[in-house]
There are 2 protein chains.
Amino acid sequence: MSITGIEIRHLRYFVAVVEQRTFRAAALRLHVSQPPLTRQIQQLEDALGVKLLERSARGAEPTAAGKVFYQEARNLLTLAEQAAERTRLAGDGRLGRLDIGVFGSAVLGPIPRIVQRFRQTHPQVELVLHSLDRIGQIKALRERRLTVGFNRFFTEEPDLSWEVIQTERMVVVLPEAHPLAKRAVLSLAEISSEPLILYPRTPRPGFIDQMMRLFHQRHLTAHVSQEVDDLVTAMGLVASGFGLSLLTDSGRKLHVPGTIQVPLRKADAATVDLCVIWRRGDDSPLLAEFLQEARALRHPPPEDAEPVEKPAPRSAKRKRAPKRR
Amino acid sequence: MSITGIEIRHLRYFVAVVEQRTFRAAALRLHVSQPPLTRQIQQLEDALGVKLLERSARGAEPTAAGKVFYQEARNLLTLAEQAAERTRLAGDGRLGRLDIGVFGSAVLGPIPRIVQRFRQTHPQVELVLHSLDRIGQIKALRERRLTVGFNRFFTEEPDLSWEVIQTERMVVVLPEAHPLAKRAVLSLAEISSEPLILYPRTPRPGFIDQMMRLFHQRHLTAHVSQEVDDLVTAMGLVASGFGLSLLTDSGRKLHVPGTIQVPLRKADAATVDLCVIWRRGDDSPLLAEFLQEARALRHPPPEDAEPVEKPAPRSAKRKRAPKRR
DNA sequence: CGACGATGATACTCGGGGGGTATCGCTCCA
DNA sequence: TGGAGCGATACCCCCCGAGTATCATCGTCG
């Protein structure tokens, strides 16, 4: 036997009658008149095949079975409320799971702050960080193992969208003893003749190539003396006097003894981008919420910013278009 | 925000669509046509304010919010099924709590078997035994602390019903050394001149008075030498040679060393009744089920038995009278 | 003891909406 | 490029939920 014919309305009506001890009072509370209420209760009793209420001239009181069903009904109603609420939360991107791709040295940048802020405003969302290089992120996004990825820069892909979150100026790192170490600011030209230690070795094209392009745009030629795997190794080689290196602004937090950090002059516009990437057309509310949080990082937000794709921030009240053709 | 407008129908429909991956297949499964199904899903989405399904030419698949709501809906539907089932069980007297009054020495009688059988056939019913004398049972019944009580016999009460469950023959208990101890059967007349030890001292009228009435009906006078509190004390006194005592047939299980049990002859019809009592007009399904179990004790059930009141054994399918006036 | 007032149940009507058929627009694929 | 399959829409019917009016019953109070 099943629940054929029983609707949530019946539960609401029955609960009201039990709690008000009277059909009329319950009808008042339900904003209906008394006769329909009587019929609904009768339908409910017929559907269950059980007499739920003992009627008298003083009102109605539940039978033993009615007491059982009252508890069940109340429980179901609150569960239904919660189900609706959880669904609405999920629709607003405030409930669920978000897989985020990050690259190795991202911990020095703004990503931790973005993630932490998102976690605070969306406590019901489970955040999972995956440390992946750009190639791995693209693969994982396509296989839906990631919803969003952070990367330094991005080469156009047909099925992926991207957006610059932050642009950082570069800083030169030199050995303490280096003649240029006492300067307040440096130009790209001044360091173009120095041996450069860059990272990471893979994947190509990567940070190294972007640096090379930077010099090339200014008709300079950089001398890359060493390609190493990671930032920390590079700093170590700088301290050992093997040459100079470059850091992003947020990388300055990492100070290695024996090295000096000197900013590049503004005129050189030596910058590197931080991007978010996601599947083009992904309208997941979680993604929309997360992108919004990521964009909030840009202070002040540039007014001429034109994101490649902007998933509309979902509103709680979805408006159905009356005509669609 | 609440769950206004959402009905169980919407849950069933939505679950079907998600599981069948297609509106048409779901409509087939639900035995409705596809357009109403589409409309119901639209209503559901509007009521929740969330888009639940991503439609395409290949079918429909749930959004993130849709997945959440699918789990919730499935859960709610099974809970609703269980709620209905539990209510039907309660309506059939197979779920709930039954408070039973028993008297002190009832453990020797058929009551344990009745209770055990009822527990087996109604495993979901919580059985609570209350040890109360007749006065206490009547009081507890009126205060609704008991649903049913067992007693030896009963004086009519306006608001209580009763029914004889079992009639037991009496057995004489005598000291081993007694001259009558070697007899196979005894008459009331033969023991009327012997000193009798009877129990319990309270409440009156009680077992003692019924025994006295038994002798009186046969124009005999019993000599009650001792009134003691309980059966075990009486047996002890018998073993010590203070006199004879009487036991119900089921009491024979209790054999005290130094005593001999000899049946009374059938012609004397020395019997004592076991009764169940309950509130007159109590139509609790649990009571009805329990009485039925108690009556099953009478083997064979006397065909001329006319219970004082027989609460109709409730059927799962309640038939509502089409006209009531 | 009878009138009154409260209760739930019933009779009847109305209208919204659930469910039906026919059809459209779109996408995918042979 | 046309057919097959999908969901959405238009339109209709009629069931059923909700309303009003009224009844039967019971408890209460003057």
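Placed above this text is the structure.
Just so you know, the residues in each chain are numbered from 1, in the order the chain's sequence is written. The lettering of chains begins at A and the numbering of ligands begins at 1, in the order of writing. The model is predicted, so local features are restricted to residues of pLDDT at least 70 and side-chain atom pairs to those at 80 or more, both for listing and for counting; the totals for chains, interfaces and linings are taken over all residues. Side-chain numbers come from the whole structure's heavy atoms, not from hydrogens or water.

This part takes up the side chain of A:Asn151. Residue and element names in this part refer to chain A. Note on placement: Asn151 falls in strand β5 (residues 148-151). Per-residue accessibility, obtained with a 1.4 Å probe over protein chains only, is compared with the maximum for each type, and a residue is labelled buried under 20%, exposed over 50%, and partly exposed between these values. Overall, Asn151 belongs to the buried group, its relative accessible area being 5%. Side-chain polar atoms of Asn151 contact the side chain of Gln137, separated by 3.2 Å. The residues touching Asn151, leaving out its near neighbours within four places in the chain, are Phe103, Asp133, Arg134, Gln137, Asp273, Leu274, Cys275 and Ile277. Labels follow the DSSP assignment, with helices taken as runs of H or I lasting at least four residues and strands as runs of E lasting at least two, numbered in each case from the N terminus. Contacts described as polar in this section are N or O atom pairs within 3.5 Å, which, within protein, must combine one atom able to donate a hydrogen with one able to accept it, while residues neighboring in sequence count only if both atoms come from side chains. Whether two residues are in contact is decided by their heavy atoms, any of which lying within 4.5 Å being enough.

Residue A:Arg21 is not a glycine yet carries a positive backbone phi of 65°. What makes A:Arg21 partly exposed here is its relative accessible area of 43%.

Moving on to the protein's contact with DNA strand D. Near is defined per residue: the residue qualifies when any heavy atom it owns lies within 4 Å of the molecule or strand. In the region of DNA strand D, 25 residues are neighbours, and A:Ser33, A:Gln43, B:Phe23, B:Arg24 and B:Arg55 sit closest. Here B:Phe23 contributes a backbone N or O atom positioned 2.3 Å from a phosphate oxygen of DNA strand D. In the environment of DNA strand D, a phosphate oxygen lies 3.3 Å from a nitrogen or oxygen atom belonging to the side chain of B:Thr38. Elements represented by at least two residues in the surface near DNA strand D include exactly α1 (8-20) and α3 (34-48) of chain A together with α2 (23-30), α3 (34-48) and β1 (53-56) of chain B. With 5 residues, α3(A) is the largest single contributor of residues to the surface near DNA strand D. For the surface near DNA strand D, the class distribution of residues is 8 nonpolar, 10 polar and 7 charged. All residues other than Ala, Val, Leu, Ile, Met, Phe, Trp, Tyr, Cys, Pro, Asp, Glu, Lys and Arg, Gly among them, are scored as polar; the first ten of these are nonpolar and the last four charged.

What a helix is expected to span follows from its residue count: subtract one and scale by 1.5 Å. The end-to-end C-alpha distance of α1(A) is 18 Å, a good match for the 18 Å that 13 residues give at a rise of 1.5 Å each. Buried within α1(A) are the following residues: A:Ile8, A:His10, A:Leu11, A:Tyr13, A:Phe14, A:Val15, A:Ala16, A:Val17 and A:Val18. Contacts made by the buried residues of α1(A) are with α2 (23-30), α3, β1 (53-56), β2 (59-62) and α4 (64-91) of chain A together with α1 (8-20) of chain B. Once α1(A) finishes, A:Arg21 follows within two positions and takes phi at roughly 65°, a positive value.

Here the focus is the packing of α1(A) against α2(A). Residue and element names in this part refer to chain A. Where α1 contacts α2, the two axes come as close as 8 Å, and the packing angle between them is 125°. Our classification of the angle between α1 and α2 gives oblique. Regarding α1 and α2, the two cross each other, and that crossing is right-handed. Between α1 and α2, the residues in contact are Arg12, Tyr13, Val15, Ala16, Val17, Glu19 and Gln20 and Phe23, Ala25, Ala26, Arg29 and Leu30, respectively. Classifying every residue of the contact of α1 with α2 gives 8 nonpolar, 1 polar and 3 charged. Interaxial angle, 0 to 180 degrees, is taken between N-to-C directions of lines fitted to C-alpha atoms, where a helix line uses only the stretch in contact. The labels follow the angle: roughly parallel below 35 degrees, roughly antiparallel above 145, roughly perpendicular from 65 to 115, and oblique for the rest. Should the near helix be turned anticlockwise from the far one by less than a right angle, the crossing is left-handed, and should it be turned clockwise, the crossing is right-handed.

What follows deals with the protein's contact with DNA strand C. If you check the shell around DNA strand C, you find 25 residues, and the closest are A:Phe23, A:Arg24, B:Ser33, B:Arg39 and B:Gln43. For DNA strand C, the fraction of atoms within 4 Å of the protein that belong to sugar or phosphate moieties is 60%. Separating a phosphate oxygen of DNA strand C from a side-chain N or O atom of A:Gln42 is a distance of 3.2 Å. In the environment of DNA strand C, a phosphate oxygen lies 2.7 Å from a nitrogen or oxygen atom belonging to the backbone of B:Ser33. Looking at the surface near DNA strand C, the elements with two or more residues in it are α2, α3, β1 and β2 of chain A together with α1 and α3 of chain B. No other element matches α3(B), which puts 5 residues into the surface near DNA strand C. Of the residues contributing to the surface near DNA strand C, the split by class is 9 nonpolar, 10 polar and 6 charged.

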